[in-house]
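Per-entry structural report
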Amino acid sequence: MIPQSFEYHVPRTLEEASRLAAQFGADGKFLAGGHSLIPMMKLRLAAPKHLIDLTCLRDLAYIREEGEHVRIGALTTHFRIESSALLKEKCPLLPETAREIGDVQVRNRGTIGGNLAHSDPAADWPAAVLALEAELRAVSPRGERGMAAKDFFVDLMTTALASDEVLVEIKVPQLGHGTGAAYAKLHHPASGYAMVGVAAVIALRDNGAVERAAVGITGVGPKAYRAFAVETALHGKPATQAHLNAAAAHAAEGVDVNADLYASAEYRSHLARVYTRRALEAAVKRARAAATA
Amino acid sequence: MATALLGERIKRKEDPRLIQGRGHYVDDIVLPGLLHLAFARSPHAHARIKSVDVTAAQAAPGVVAVYTGADLQGKVGMVPCAAGIEGLKVPEHPCLAVDEVRYVGEPVAVVVANSAYTARDAVEQVEVEYDPLPVVVDPEKALAPGAPRVHSKLADNVAFVAKLEGGDWKALEAEPGIKVIRQRLINQRLAPVAMETRGVVASYSPGEDLLTVWSSTQIPHILKTQLALMSGVEENHCRVIAPEVGGGFGSKLNVYGEEGVACYVSKALGRPVKWIESRRENLQATIHGRDQINDVEVYVRPDGKVAGLKCWIIADLGAYHQLLTPAIPTLTALMIVGAYHIPCVFVETKGVFTNKMATDAYRGAGRPEATYIIERVMDLVAAELNLDPVDVRMKNFPSPKDFPLALPTGVTYDSANYQRTLKKVLKAAGYTKLRKEQERLRKKGRYLGIGLSTYVEICAMGPSSRMPAGGWEFGSVRIEPTGKVTVLSGTSPHGQGEETTFAQIVASGFGIPYEDVTVLHGDTGVVPMGIGTFGSRTTAVGGTAIYLAVERLKKKMARIAAHKLGVKPGELEFKDGKVQTAGGEKAMRFLEVVAEAIFAKQLPPGVEPGLVEQCVFEPANFTFPFGAHLAVVEVDPDTGEVRLRNYYAVDDCGRVLNPMLVDGQIHGGLVQGIGQALWEEHVYDENGQLLTGTLMDYAVPRAHQFPWFETATTETPTRVNPLGAKGVGEAGTIGSTPAIVNAVVDALRPLGVRHIDMPLKPEKIWRVLRSASAA
Ligand SMILES: Cc1cc2nc3c(=O)[nH]c(=O)nc-3n(C[C@H](O)[C@H](O)[C@H](O)COP(=O)(O)OP(=O)(O)OC[C@H]3O[C@@H](n4cnc5c(N)ncnc54)[C@H](O)[C@@H]3O)c2cc1C
């Protein structure tokens, strides 16, 4: 478990970081919490010649409310999100998801930005940002831009980020009145990652029908995805058990489903449906509570 | 500073340094001029080595030397196997493969460099050309005629066949009304995964012709003998030190090729060398555990009395024998009747070579397999005859009055009261209420399961007549002039906490503070002889040696004190830091007696100066701890996930010397045993590639996956040793696995489920649920 040798760089500014990244191209990698990158290097699955450490860019670790949004700096650790009073109140799906990630040590080092940039097909954050319809903001020598979560995850461990782009912020719209969200995860018994992880956001109309549903699913396919078929099936329908069941049945539709030692593709598809149903049930329950609150 | 007494719940002496990261493990040993080793390993499960080209690796900056199997041939001895089994085939097992590799991860060459990083990088430059050979992974296929042979020099893949038979089978088979139940039970391959991987530092000093080895081992003295033989350095010029050892679970009860190589390289170069195993190597090339196929045939009378048990064991040994590889499955045969009086037994054990890493002792070592077999058998009998599993067990238990109890397997159980532990666990769990709850939930379509395991294990290994390298243990006790006590033990605790228990034994014997006692172990230069720590023997055998040394010293001190006080030695007791007559009217302080003994001014005639005594304790028998475990699980009808709701464990390890340590051993053991039932499985594909080669794939159990364990003990002392202690290091692992499987099968009984093989992954159960609902 010894990585190949590399050079280590500590940029003092964001500009310097992305300039270094532009300079090294494919030979360079950003380092955040190191909890995905360093294991890969130790297994020699990754061998960057240059590591550009972002952890000194302290002003990229924050959680703040701004108007209709909550803004989270990319270098914010899972633990800070898990324990944030602001998020527990304004966007409880995030702390709920954070709690499910790895163990205490992992949550104390790992960052939401690193997790999203790494885009492991079984990581938890992608499901949450998809369901929350978050915007992911990045900076490069060419300037700053925002990407919708649904456009961010491109393929297996591939995102829309250019190699010199630093993910700087996750901008999450606050849930409106009568909206509930939930995360349902089955942990892989060895890695602790998601065998399946489903984040669901449900907005109910006053008459109890579904105004809006957004479902993000991780662990099932080569990348996390929005389960649009599930969402469409619910739209405008009353949030009854029968409708939730029927909608959840679409959870793995059109997905090239993963198989491993613990779950065949067939079983994993089944899990996707069951956990989607559970996430929907919990989200609806919370939406109802939010409506009466 | 209260005098610690035996039986008290005392915190471990070793923990402050371990918790604060102040202990010293092998990797903390740094010597001047230290070089580092890295091994090139086979990516093939079976292949001929056509050529090994080390030129590039050798030329890499920082590389000092590279050795291949051919370089070491004839210069380092074979990896030893100590198991004595009649007719056992022992293939050559070189430290580095010479012309053939037989499992993925087999070491082929070693790089020696000035840093671990350089060594690791250079390994990638060792170019080995392989000619792949046919691979055999499944032990049943390995037994088929014409199967590829793991060792072409051997006629087939059978390492040994052992039979064990007892009782009047003719009469039983002819008995009218006897019912025969058959079942195949698979005990899957596991990885021990000690938190600290293996590691070795070897340092040869040419001037003194002295070889010093630091190894993460459970058996420093045995390792010293073997490394002397392998390296050619005379044994009285060898010293082995086991510093802090971060877990072993049997995986370090061994002598590994890498250790032989390290000694050779240090000797060849005259410089100290270090090798620290990576986790990937640990999963590949440190011994594995279990891996048996068990076909059982149970002969049962209509009332549930089990009258006979037959079992055909196929033990997957892997490609080579490690130290005890073939001996492990023979322990399964020995313990197969468990806690039951079964008059007829037949066991045939076949040890089979396959292209995989060797199996060997993993916590429980052969007994978890036996316990799994017999405890599943009891539940199969209950299900078949529609009896309560409690009743079947009660019916088959011997009475407490039957002990010592000689069994058809050839062992004699020392003492037990199986009824008492079972009743206690049923009470703790509220068994009758649980069964009612189960009924209620079943009506609602929920699957609650209750599983029992009433195990017995064989511990305190053991009488020398039955152990390959002797089964005694050494202990010595020395009182220093300041009254502090130094204890030496030939055992090699590596997390169990005997620095604490041994100090308790000594302090309570002398009536002195527990803080005044220091225990040294794990250094052959300090402790003259020893066997080591395994087989739940350390306290029962090693602790007894110390206890007896204390008794000898007390006799001597009493003579000296009696001489001074003008009383008879027999009138004196050791209490509260004094040596005194019963009422305390005549007394000397402990320290005064020590001064008398050591400064030797007025010793009674014939008494030697000094206070040091040693004892080599030879137990007359093994001990047989036992217990009753009860698991409550609920199976998720949607997904097949198993939730362990409650776990109750009542264990009887004889006299309890420190309840906190017993709890610790039980908790850790349960986790490993439950891990086998639910998650763990070391998987090779049909090409012999390891699919669970990282901890991202191999499911090691974790604390958060478990409910609070409800533990309790009963105490049935043994007469095998004067402490009355039986051993508890493996009990949790041995007892728990079948309790879980029995619980899950019990949960699914309404669906007609009779058995599911481990690990009980949700997908397997989901398939069972699905086919049941389709039916
Ligand atoms: C034992 C263990 C268990 C785990 N369990 C889980 C789990 O259950 N669920 C889960 O989701 N995750 C899990 N993880 C992964 C963990 O959450 C990681 O922390 C996370 O995936 C990566 O974040 P990081 O900050 O550590 O990033 P790093 O490992 O430092 O970087 C990961 C990748 O992202 C890039 N990167 C990092 N930051 C940025 C940025 N700001 N802009 C652009 N690129 C960037 C890096 O170059 C690298 O390619 C686990 C990890 C471990 C070690």
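Cut-offs used in this document
Residues numbered from 1 in each chain as written. Chains lettered and ligands numbered in written order. Predicted model: local features only at pLDDT ≥ 70, side-chain atom pairs only at ≥ 80, totals over all residues. Heavy atoms only, no water. Contact = heavy atoms within 4.5 Å. Buried area = accessible area lost by both parts, 1.4 Å probe. Salt bridge = Lys/Arg side-chain N within 4 Å of Asp/Glu carboxyl O. Pairing = 2+ DSSP bridges. Helix = DSSP H or I, 4+ residues; strand = E, 2+ residues; numbered from the N terminus. Axes fitted to C-alpha atoms, helices over the stretch in contact; angles between N-to-C directions. Domains from an automatic or database assignment. Polar contact = N/O pair within 3.5 Å; in protein donor to acceptor, adjacent residues only side chain to side chain. Buried < 20%, exposed > 50% of the residue type's maximum accessible area, 1.4 Å probe, protein only. Lys, Arg positive; Asp, Glu negative; His and termini not counted. Near = heavy atom within 4 Å. Areas by Shrake-Rupley, 256 points an atom, 1.4 Å probe, with all protein chains shown as cover. Core = buried A, V, L, I, M, F, W, Y, C linked by side-chain atoms within 4.5 Å. Parallel < 35°, antiparallel > 145°, perpendicular 65-115°, else oblique. Left-handed = near helix turned anticlockwise from the far one by under 90°. Nonpolar A, V, L, I, M, F, W, Y, C, P; charged D, E, K, R; others polar. Disulfide = S-S within 2.5 Å. Patch = residues over 30% accessible without salt bridge, like charges linked within 9 Å, V, L, I, M, F, W, Y side chains within 5 Å.

Side note on the interface of chain A and chain B
On the chain B side, the residues contacting the 24 residues of chain A number 31 residues. With both sides pooled, the region where chain A packs onto chain B buries about 2,300 Å², and carbon together with sulfur makes up 54% of that total. Contact with chain B buries surface across chain A, with Leu261, Tyr262 and Tyr267 of chain A losing the most and accounting together for 26% of the total. For the interface between chain A and chain B, the tally reads 7 salt bridges.

Regarding the sheet that holds strand β23 (residues 578-581) of chain B
Across a sheet, strands are paired by hydrogen bonds formed along the backbone, either parallel or antiparallel in direction. Residues and elements named next belong to chain B. As summarised here, the arrangement of the 3 strands in space is β22-β23-β24, forming an open sheet in which the pairing is antiparallel. A strand with exactly one partner marks an edge of an open sheet, and here the two such strands are β22 (572-575) and β24 (587-589). Direction aside, neighbouring strands of the sheet carry axes that sit 20° apart on average. The strands that helix α17 (residues 590-599) touches are β22, β23 and β24; relative to β24, the one it contacts most, it runs at about 80°.

Details of the domain arrangement of chain B
All names here are of chain B. When cut into domains, chain B gives domain 1 (15-20 + 472-617), domain 2 (31-133 + 195-247 + 252-285) and domain 3 (289-461 + 621-774). Distance from the C-alpha centre of domain 1 to the C-alpha centre of domain 2: 40 Å. The partner domain 2 presents 16 residues to the 18 residues of domain 1 that form the contact. Both sides of the domain 1 and domain 2 interface together cover about 1,300 Å² of buried area, and 53% of this is carbon and sulfur. The tally of links between domain 1 and domain 2 comes to 2 salt bridges. The shortest N-O distance in the salt bridge between Asp523 and Arg239 comes to 2.7 Å. There are 6 residue pairs in polar contact (both at pLDDT 80 or more) connecting domain 1 and domain 2.

With respect to the side chain of Glu369 of chain B
All names here are of chain B. As for its placement among the helices and strands, Glu369 is situated in helix α11 (residues 367-385). Comment: no salt bridge for buried Glu369; closest opposite-charge side chain is Arg290, at 4.3 Å. The contacts of Glu369, once residues within four sequence positions are left out, are Asn187, Arg290, Gln292 and Thr332.

Thoughts on the pattern of salt bridges
One pass over the structure, following the stated rule, counts 71 salt bridges over all chains. One salt bridge in this structure joins Asp316 of chain B and Arg189 of chain B, with 3.3 Å as the shortest N-O distance. Of the two residues, Asp316 of chain B sits in strand β14 (residues 306-318) while Arg189 of chain B sits in strand β8 (residues 179-190), which places them 127 residues apart along the sequence. A residue is classified by how much of its surface remains accessible, and Asp316 of chain B, at 1% relative accessible area, is buried. With a shortest N-O distance of 3.8 Å, Arg442 of chain B and Glu439 of chain B are connected by a salt bridge. Placement of both Arg442 of chain B and Glu439 of chain B in helix α14 (residues 431-443) is noted, with a separation of 3 residues, approximately one turn of the helix. The exposure class of Glu439 of chain B is partly exposed, given its relative accessible area of 40%. Counted as one network, the salt bridges with shared partners bring together Arg277, Arg278 and Glu281 of chain A together with Asp636 and Asp638 of chain B.

Structural notes on the sheet that holds strand β5 (residues 69-73) of chain A
All names here are of chain A. Strand order in this open sheet of 5 strands is β4-β5-β10-β6-β7, and the pairing throughout is antiparallel. Only two strands of the sheet have a single neighbouring strand rather than two, namely β4 (63-66) and β7 (143-148). Pairwise comparison of adjacent strand axes, ignoring direction, gives a mean angle of 25° for this sheet. Strand direction decides the pairing type here: β5 and strand β10 (residues 166-173), joined by 5 bridges, are antiparallel. For Arg71, the partnering residue across the bridge sits in β10 and is Lys171.

What to know about the domain arrangement of chain A
Partitioning chain A into structural domains gives domain 1 (7-53), domain 2 (58-173) and domain 3 (182-292). Computed from C-alpha atoms alone, the centre-to-centre distance between domain 1 of chain A and domain 3 of chain A is 35 Å.

Some details on the site of the ligand
Residue and element names in this part refer to chain A. Surveying the vicinity of the ligand reveals 30 residues, the closest of which are Phe30, Gly34, Ser36, Thr111 and Asp124. Between the ligand and Ala32 there is a distance of 2.7 Å, counted from an oxygen atom to a backbone nitrogen or oxygen. Between the ligand and Lys185 there is a distance of 3.2 Å, counted from an oxygen atom to a side-chain nitrogen or oxygen. Burial of the ligand by the protein chains amounts to 91% of its free accessible area of 960 Å². Residue assignment for the shell around the ligand shows that the elements contributing at least two residues are β2 (28-31), α7 (112-118) and β10. Sort the elements by how many residues they give to the shell around the ligand and α7 lands first, with 4 residues.

Structural notes on the nonpolar core
Within soluble globular proteins, side chains that are nonpolar generally end up buried alongside one another. Ranked by size, the top nonpolar core spans 211 residues in total, and within it Leu280 of chain A together with Tyr413, Leu630 and Tyr647 of chain B carry the most contacts. Setting aside residues up to four positions removed in sequence, Leu280 of chain A forms contacts with Ala200, Ile202, Val215, Val230, Leu234, Leu244, Ala247 and Ala248 of chain A. Core analysis: the next-biggest nonpolar cluster, separate from the first, contains 46 residues, Val487, Ile505, Val506 and Val550 of chain B among them.

Re the packing of helix α7 (residues 220-231) of chain B against helix α8 (residues 257-269) of chain B
All names here are of chain B. Direction vectors running N to C along α7 and α8 enclose 55°, while the axes themselves pass 10 Å from each other. Overall, the two elements α7 and α8 adopt an arrangement that is oblique. Once α7 is placed against α8, the crossing between them reads as right-handed. Two secondary-structure elements touch here, α7 through Leu223, Leu227, Met230 and Ser231 and α8 through Glu259, Gly260, Cys263 and Lys267. Looking at side-chain class alone, the contact of α7 with α8 contains 4 nonpolar, 2 polar and 2 charged residues.

A word on the state of the cysteines
Inspection of the entire model under this criterion finds 0 disulfides over all chains. Free cysteine Cys311 of chain B: the closest other cysteine sulfur is in Cys344 of chain B, separated by 15 Å.

Topic: a nonpolar patch on the surface
Where nonpolar side chains cluster on the molecular surface, the patch consists of Phe6, Tyr8 and Val10 of chain A and spans about 270 Å² of accessible area. Along the chain, the position of Tyr8 of chain A falls in strand β1 (residues 7-9).

Describing unusual backbone geometry
The amide bond that connects Phe403 of chain B to the next residue, Pro404 of chain B, takes the cis arrangement and shows omega of -5°. Tracing the backbone through its elements, the reader meets Pro404 of chain B in the loop between α12 (389-396) and β16 (405-406). Residue Gly462 of chain B is reached from Met461 of chain B by a cis peptide bond, and omega for that bond is -15°. Positionally, Gly462 of chain B belongs in the loop between β18 (447-456) and β19 (473-479). Backbone geometry at Met157 of chain A places phi at a positive 50°, although glycine is not the residue there. Relative to the helices and strands, Met157 of chain A is located in the loop between β8 (153-155) and β9 (158-159). The backbone phi angle of Asp209 of chain B is positive, close to 50°, even though this residue is not glycine. Relative to the assigned elements, Asp209 of chain B resides in the loop between β9 (199-205) and β10 (210-215).

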